[in-house]
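Okay, here's what each chain looks like letter by letter:
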Amino acid sequence: MSVKTVINEMSKEQQKEKESLNLYYSTQTVIQEALNKLGYNNEMYELLKEPIRLLTVRIPVRMDDGTVKVFTGYRSQHNDAVGPTKGGVRFHPDVDEAEVKALSIWMSLKCGITNLPYGGGKGGIICDPRNMSFRELERLSRGYVRAISQIVGPTKDIPAPDVYTNSQIMAWMMDEYSRLREFDSPGFITGKPLVLGGSHGRETATARGVTICINEAVKKIGKELHGARVVIQGFGNAGSYLAKFMHDAGAKVVAVSDVYGGIYDPNGLDINYLLDRRDSFGTFSKLFNNTISNKELLELDCDILVPAAISNQITEENAANIKASIVVEAANGPTTLEATKILTERGILLVPDILASAGGVTVSYFEWVQNNQGYYWTEEEVMEKLEKVMVSSFDNIYQLAETHQVDMRLAAYMVGIKKVAEASRFRGWV
Ligand code: GLU
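Everything numeric in this text was worked out from a predicted model, so none of it was measured.

**Details of the nonpolar core**
Counting residues in each nonpolar core, the largest one holds 86 residues, and the members touching the most others are L35, I214, I232, V256, I304, V306 and V328. Sequence-distant contacts of I304, that is, excluding residues within four places in its chain, are made with I214, V218, L225, A228, R229, V230, V231, A324 and I326. Counting residues in hydrophobic clusters, the runner-up holds 25 residues, among them V57, I59, F91 and I189.

So this is what it looks like as structure tokens:
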């Protein structure tokens, strides 16, 4: 590798670290604002501004070629006053400490908003699963569980899928934990395959939750979903199912993208074709010649824009060019605080990530309840319960935003953090 390449590599990494820190500091800023509005003092902010626990682990993995590679992983637990902590594990080359910490705080907020009996947690491993074999991924998943086993468990901290992790990885992790404890522990992790105690509707839950939020948002601004033009950035678990649900609801999905780029057709895309042809990482754009960049996609003419990929996509630089009248954040942290301000000033209704993407953890909670009672529900029961939670969470936050004349992000933080603050106060921590 040339010196120039090394410098470029470093600056890319440093750039990402800076972005994660920005995300983390922005989260703290909104938490402080929310606590101030709710009348809490600085002691509460001191408690809630950082996770109570962060474990960093090094995981040695025997690779298929016989060499050993050592991976770095994290598990962050924001606050467990409400109950055990809960949140996904992501496998991604860009994972870093600040990002995992911020994501664990957002999980506390999501659980607060949806009134689940959990605090927030999050985990991550710095790795690129796109370049790892099935067996290497299994060894990494099992190694991670052994490394964090002291601080997790069905009544302590319950992991789940996140970016680039899936039900197979949850199955290996559940098996490893059960072997360590020497009893079957389905409630240790959610997002499992159905045969291992997974829940109906978990796989599509995030997209279902986003769909419910889109329906509510459309109603609020007096429009209709049928015929609305929808642009979706990202075609992973959330983005791909969402495209299908939008298509099925009669909306016109005019553009979607993967990590390499997107495709656009003002007359609407053939979503079923894309679903058939994408790979397990949601990649499809290589099948097409006429692609657009992810940057161009965000600025397309449309009614509803859904960033469903990664963080920091709508920023000060492009917020003025967004044409949608509704932005619903299916990804975690796709819009910066500065951009949130610009969109709000422009009268665009922004449904924040901690509300819009809360469907996943809500059905994870249902899965955990089913595991604990050993009694399993039908898909209809799950969907009905999810709908109730999402609609009432949306309404609650929308009302609060109106009453306090604040944007929905701050209102969502107020609802989410209040529950954690109250639980901490009753326990006598502050
Ligand atoms: N990783 C998902 C999220 O960010 C789901 C977490 C869970 O199901 O516990 O909300």
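**Things to note about the environment of P60**
Mapped onto the fold, P60 is located in strand 1 (residues 53-62). Once the C-alpha coordinates of P60 and T72 are considered, the two residues, twelve residues apart in sequence, prove to be 8.9 Å apart. Beyond its immediate chain neighbours, meaning those up to four positions away, P60 contacts V68, K69 and V70.

**So, the site of the ligand**
Around the ligand sit 14 residues, and of these K86, K110, P161, D162 and S364 come closest. D162 is positioned such that a nitrogen or oxygen atom in its side chain is 2.7 Å from a nitrogen atom of the ligand. Coverage of the ligand by the protein chains reaches 95% of its 290 Å² of free accessible surface. Elements with a minimum of two residues in the shell around the ligand: helix 3 (97-113) and helix 12 (359-373). With three residues, the top contributor of residues to the shell around the ligand is helix 12. Classifying every residue of the shell around the ligand gives four nonpolar, five polar and five charged.

**Focus: the packing of helix 4 (residues 134-148) against helix 5 (residues 167-181)**
Look at helix 4 against helix 5: their axes get within 9 Å of each other, and the N-to-C directions meet at 45°. Between helix 4 and helix 5, the crossing angle belongs to the class labelled oblique. Considering only the axes of helix 4 and helix 5, their crossing is right-handed. Residues F134, R135, L137, E138, S141, R142, Y144, V145 and R146 of helix 4 form the contact with helix 5, whose own contacting residues are Q168, I169, W172, M173, D175, E176, Y177, R179 and L180. Taken together, the residues of the contact of helix 4 with helix 5 sort by class into nine nonpolar, two polar and seven charged.

**Here we look at the packing of helix 3 against helix 14 (residues 408-426)**
Taken N-terminus to C-terminus, the directions of helix 3 and helix 14 make an angle of 90°; their axes are 7 Å apart at the nearest point. Classified by the angle their axes make, helix 3 and helix 14 are roughly perpendicular. From helix 3, W106, S108, L109, C111, G112 and I113 reach across to helix 14, where they touch A412, Y413, V415, G416, I417, K419 and V420. Considering only residue class, the contact of helix 3 with helix 14 consists of nine nonpolar, three polar and one charged.

**Some points on helix 4**
The terminal C-alpha atoms of helix 4 lie 22 Å apart, and with 15 residues this matches the ideal 21 Å at 1.5 Å per residue to within 8%. If you follow the buried residues of helix 4, they end up packed against strand 1, strand 2 (68-77), strand 4 (89-91), strand 5 (119-125) and helix 5.

**Concerning the environment of L275**
In this structure, L275 sits in helix 8 (residues 271-277). Under the relative-accessibility criterion, L275 is labelled buried at 17%. Expressed as a C-alpha distance, the spacing of L275 and D301, which sit 26 residues apart in the sequence, is 24 Å.

**Focus on the pairing of strand 8 (residues 252-257)**
With respect to burial, strand 8 is a largely interior element, five of its six residues being buried. The pairing of strand 7 (residues 229-233) with strand 8 spans five bridges and is parallel. Bridge pairing links I232 to V256 in strand 8. Direction of pairing for strand 8 relative to strand 9 (residues 262-264): antiparallel, over a ladder of three bridges.

**Digging into helix 5**
Its 15 residues place the ends of helix 5 21 Å apart at the C-alpha level, agreeing with the 21 Å of an ideal helix rising 1.5 Å per residue. Those residues of helix 5 lying buried are I169, M170, A171, W172, M173, M174, E176, Y177 and S178. Contacts made by the buried residues of helix 5 are with strand 4 and helix 4. One side-chain oxygen of the residue at the start of helix 5 lies 3.2 Å from the amide nitrogen of Q168, identifying that residue as N166. E182, located one to two residues past helix 5, shows a positive phi value of around 65°.

**Some points on the environment of N372**
Within the secondary structure, N372 is located in helix 12. Residue classification places N372 among the partly exposed residues on the basis of a relative accessible area of 48%. The spatial distance from the C-alpha of N372 to the C-alpha of P154 is 8.9 Å, given a sequence separation of 218 residues.

**So, the state of the cysteines**
Between two cysteines, a covalent bond joining their sulfur atoms is known as a disulfide. In total, this model carries zero disulfides according to the counting rule given. Take C213: it sits in no disulfide, and the sulfur closest to it among the cysteines is that of C111, at 15 Å.

**Some words on the packing of aromatic side chains**
For any pair of aromatic rings, the description rests on two quantities: the centre-to-centre distance and the angle between the ring planes. Here the structure, examined in full by the defined rule, presents 13 aromatic pairs. Centroid distance Y177 to F188: 4.1 Å. Interplanar angle 5°. Geometry classified as stacked. With Y177 in helix 5 and F188 in the loop between helix 5 and helix 6 (205-220), the pair connects residues that are eleven residues apart, well separated along the chain. We classify F188 as buried; its relative accessible area is 0%. For the pair Y365 and F366, a centre-to-centre distance of 5.9 Å together with 50° between the ring planes defines the contact as tilted. When its relative accessible area of 21% is taken as the criterion, Y365 is described as partly exposed. Taken together, the ring pairs connect Y118, Y365, F366, W368 and W377 into an aromatic cluster. Stacked on the ring of Y398, the Lys or Arg K220 has its end atom at 4.8 Å from the ring centre. Directly above the ring of F426 sits R425, whose terminal nitrogen or CZ lies 4.8 Å from the centroid.

Cut-offs applied
- Numbers given for residues are sequential positions, taken from 1 along each chain in its written order.
- It should be noted that, the model being predicted, local features are given only for residues of pLDDT at least 70 and side-chain atom pairs only at 80 or more, the latter also being counted only at that level, while totals for whole chains, interfaces and linings use all residues.
- The side-chain numbers reported here are obtained from all heavy atoms of the structure, hydrogens and water having been left aside.
- Buried residues of nine kinds, namely Ala, Val, Leu, Ile, Met, Phe, Trp, Tyr and Cys, make up a nonpolar core once their side-chain atoms join them within 4.5 Å.
- Buried residues are those whose accessible area, probed at 1.4 Å on protein chains only, stays under 20% of the maximum for their type, while exposed residues exceed 50% and partly exposed ones sit between those limits.
- Any two residues whose heavy atoms approach within 4.5 Å at even a single point are treated as in contact.
- Put simply, DSSP marks the helices as runs of H or I at least four residues long and the strands as runs of E at least two long, and each gets a number from the N terminus on.
- Here a residue counts as near a molecule or strand whenever at least one of its heavy atoms sits within 4 Å of it.
- Definition of a polar contact: a pair of N or O atoms within 3.5 Å, with one able to donate and the other able to accept a hydrogen when the atoms are protein atoms, and with sequence-neighbouring residues admitted only if both atoms are side-chain atoms.
- The protein chains shown are the only cover counted for residues, whose accessible areas, like all others here, come from Shrake-Rupley with a 1.4 Å probe.
- Residue classes follow a fixed rule: Ala, Val, Leu, Ile, Met, Phe, Trp, Tyr, Cys and Pro count as nonpolar, while Asp, Glu, Lys and Arg count as charged, and any other residue, Gly among them, counts as polar.
- Axis lines are fitted to C-alpha atoms, over the contacting stretch for helices. Their N-to-C directions set the angle, which ranges from 0 to 180 degrees.
- Any angle between 65 and 115 degrees counts as roughly perpendicular, while under 35 counts as roughly parallel, over 145 as roughly antiparallel, and the rest as oblique.
- Handedness of each helix crossing follows the sense of rotation of the near helix against the far helix: counterclockwise by less than a right angle gives left-handed, clockwise gives right-handed.
- A helix is expected to reach a length of 1.5 Å times the quantity of its residues less one.
- Any two strands are treated as partners once DSSP identifies two or more bridges connecting them.
- We call a pair of cysteine sulfur atoms a disulfide when they lie within 2.5 Å.
- To pair, rings of Phe, Tyr and Trp, with the six-membered ring standing in for Trp, must have centres within 6.5 Å; the planes then decide the type, stacked if under 30 degrees apart, edge-to-face if over 60, and tilted in the middle.
- Lysine NZ or arginine CZ positioned within 6 Å of the ring centre and within 35 degrees of the ring normal marks a charge as sitting over the ring.

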